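Read off the chains here:
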Amino acid sequence: MQPSIFPMADTLREEFNNQMDQLRRLITHAPSLGRFVEISLISLMRKYFPSSVDFCTGFIYPMNPGIQEASPQLDIICYDRLNFPVAFDIGEFKVVLLPKAVKGIIELKSTLTKAAIRQVMRLSESPSLREVPLAKKINRENK
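Overview of the structure.

Each value, and the rule that gives it
- Residues numbered from 1 in each chain as written.
- Predicted model: local features only at pLDDT ≥ 70, side-chain atom pairs only at ≥ 80, totals over all residues.
- Heavy atoms only, no water.
- Pairing = 2+ DSSP bridges.
- Helix = DSSP H or I, 4+ residues; strand = E, 2+ residues; numbered from the N terminus.
- Phe/Tyr/Trp six-rings, centres within 6.5 Å; stacked < 30°, edge-to-face > 60°.
- Buried < 20%, exposed > 50% of the residue type's maximum accessible area, 1.4 Å probe, protein only.
- Axes fitted to C-alpha atoms, helices over the stretch in contact; angles between N-to-C directions.
- Parallel < 35°, antiparallel > 145°, perpendicular 65-115°, else oblique.
- Left-handed = near helix turned anticlockwise from the far one by under 90°.
- Contact = heavy atoms within 4.5 Å.
- Nonpolar A, V, L, I, M, F, W, Y, C, P; charged D, E, K, R; others polar.
- Core = buried A, V, L, I, M, F, W, Y, C linked by side-chain atoms within 4.5 Å.
- Salt bridge = Lys/Arg side-chain N within 4 Å of Asp/Glu carboxyl O.

### What to know about the pairing of strand β3 (residues 86-90)
Within a regular beta strand, the side chains point alternately toward one face of the sheet and then the other, so they alternate between its two faces. Summarising the sheet, β3 and strand β4 (residues 93-97) pair through four bridges and their orientation is antiparallel. The residue of β4 that forms the bridge with Phe-88 is Val-95. The turn joining β3 and β4, which pair antiparallel and follow one another in sequence, is formed by two residues; a positive phi near 65° is taken by Gly-91.

Dropping the structure here:
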């Protein structure tokens, strides 16, 4: 077997896949499996990223007075936790203030289809997410 260019990525993928295999042997409830994927990825990212950033599931609340509501629910938000406030914080669930606090957004899909891509594109254009640069909006396929 040829050595990987990114051995750390291989380690993370193996750790995640092992956890998923263990859980799939115990349950088949799709919403719970989806939530586990979010929690597991958040946990892995917290383990390997600097403490200046944090990860959560939740919403982004814009400070633009013309926008009166938060974003749709986002699977994973990566944000600058040192320099920006959080409006609401209950463990893994947060409402992040200010789109400029956002370092990245990850929307997880178990199957990547044209409809799923359209859904994520519509989500990224919601009024409260328009201030988040496109480069920070990420769609990742989950196998």
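Back to the write-up after that little detour.
### Points about the packing of aromatic side chains
Counted under the stated rule, the structure contains three aromatic pairs. Measuring from ring centre to ring centre gives 5.7 Å for Phe-59 and Phe-93, while their planes differ by 70°; the resulting arrangement is edge-to-face. Of this pair, Phe-59 sits in strand β1 (residues 53-61) while Phe-93 is found in strand β4, placing the two residues 34 residues apart along the sequence. When its relative accessible area of 23% is taken as the criterion, Phe-59 is described as partly exposed. Ring geometry for Phe-88 versus Phe-93: centroids 6.2 Å apart, planes at 85°, classification edge-to-face. For Phe-93, a relative accessible area of 32% gives the class partly exposed. By way of ring pairs, the aromatic residues Phe-59, Phe-88 and Phe-93 are connected into one cluster.

### As for the packing of helix α1 (residues 7-26) against helix α2 (residues 30-48)
Packing of α1 against α2 brings their axes to within 11 Å, and their N-to-C directions diverge by 150°. If you check the angle between α1 and α2, you find them roughly antiparallel. Here the hand of the crossing between α1 and α2 comes out right-handed. Side by side, α1 and α2 meet where Met-8, Leu-12, Glu-15, Phe-16, Gln-19, Met-20, Leu-23 and Arg-24 of the first sit next to Leu-33, Phe-36, Val-37, Ser-40, Leu-41, Leu-44, Lys-47 and Tyr-48 of the second. Among the residues forming the contact of α1 with α2, the class breakdown is 11 nonpolar, two polar and three charged.

### Describing the environment of Lys-103
Tracing the backbone shows Lys-103 in strand β5 (residues 102-109). Separated by 24 residues in the primary sequence, Lys-103 and Tyr-79 place their C-alpha atoms 5.0 Å from one another.

### Observations regarding the nonpolar core
Counting residues in each nonpolar core, the largest one holds 15 residues, and the members touching the most others are Phe-16, Val-37, Leu-41, Met-45, Phe-55, Ile-76 and Leu-108. Breaking this core down by element, the ones donating at least two residues are α1, α2, β1, β2 (74-80) and β5. With six residues, α2 is the largest single contributor of residues to this core. Of all hydrophobic cores here, the second largest spans 13 residues; its members include Cys-56, Ala-101, Val-102 and Leu-123.

### Comments concerning the pattern of salt bridges
In the structure shown here, the tally under the stated rule is six salt bridges. Asp-54 is the partner of Arg-46 in a salt bridge, and the nearest nitrogen-oxygen pair spans 2.6 Å. By relative accessible area, which is 32% here, Arg-46 ends up partly exposed. Looking at Asp-54, the relative accessible area reads 11%, which means it is buried.

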